[in-house]
Amino acid sequence: MTDFIYHAMGFCGEHWHPNAINITAMIMVATLILKSIKNNYEKA
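Residues numbered from 1 in each chain as written. Predicted model: local features only at pLDDT ≥ 70, side-chain atom pairs only at ≥ 80, totals over all residues. Heavy atoms only, no water.

Inspection of the secondary structure puts Glu-42 in helix H2 (residues 20–43). Using a relative accessible area of 57% as the deciding quantity, one classes Glu-42 as exposed. Sequence separation of Glu-42 and Met-26 is 16 residues, and the distance between their C-alpha atoms is 24 Å. (Helix = DSSP H or I, 4+ residues; strand = E, 2+ residues; numbered from the N terminus. Buried < 20%, exposed > 50% of the residue type's maximum accessible area, 1.4 Å probe, protein only.)

Put into structure tokens, the structure is as follows:
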């Protein structure tokens, strides 16, 4: 069980599989990109 938690949270040291840290970063970057694109279209 603890092995699953380590892998899911990204503390296992293996960076090739998606984990909570990577997924959170991807969602944050995608949100910022989409907000930027939306903001540019509203100004035009």
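From this point on, the discussion continues.
It is worth spelling out the environment of Pro-18 at this point. Tracing the backbone shows Pro-18 in the loop between helix H1 (2–9) and H2. Residue Pro-18 is classed as exposed on the basis of its relative accessible area, which comes to 58%. Through-space distance from the C-alpha of Pro-18 to that of His-7 is 8.9 Å; in sequence the pair is 11 residues apart.

The next subject is the environment of Ala-25. Along the chain, Ala-25 falls in helix H2. Using a relative accessible area of 39% as the deciding quantity, one classes Ala-25 as partly exposed. Between the C-alpha atoms of Ala-25 and Lys-43, which are 18 residues apart in sequence, the distance is 27 Å.

Mapping Asn-19 onto the fold places it in the loop between H1 and H2. Judged by its relative accessible area of 5%, Asn-19 is buried. Polar side-chain contacts of Asn-19 include one of 3.1 Å to the backbone nitrogen of Ile-21. Asn-19 has contacts with His-7, Ala-8, Met-9, Gly-10 and Glu-14, leaving out every residue within four places of it along the chain. (Polar contact = N/O pair within 3.5 Å; in protein donor to acceptor, adjacent residues only side chain to side chain. Contact = heavy atoms within 4.5 Å.)

For the rest of this paragraph, the subject is a nonpolar patch on the surface. Together, Met-1, Phe-4, Ile-5, Tyr-6, Met-9, Phe-11 and Ile-21 make up an exposed nonpolar region whose accessible area comes to about 840 Å². The leading source of residues in the nonpolar patch is H1, at four residues. Position of Met-9 among the secondary structure elements: in helix H1. (Patch = residues over 30% accessible without salt bridge, like charges linked within 9 Å, V, L, I, M, F, W, Y side chains within 5 Å. Areas by Shrake-Rupley, 256 points an atom, 1.4 Å probe, with all protein chains shown as cover. Salt bridge = Lys/Arg side-chain N within 4 Å of Asp/Glu carboxyl O.)

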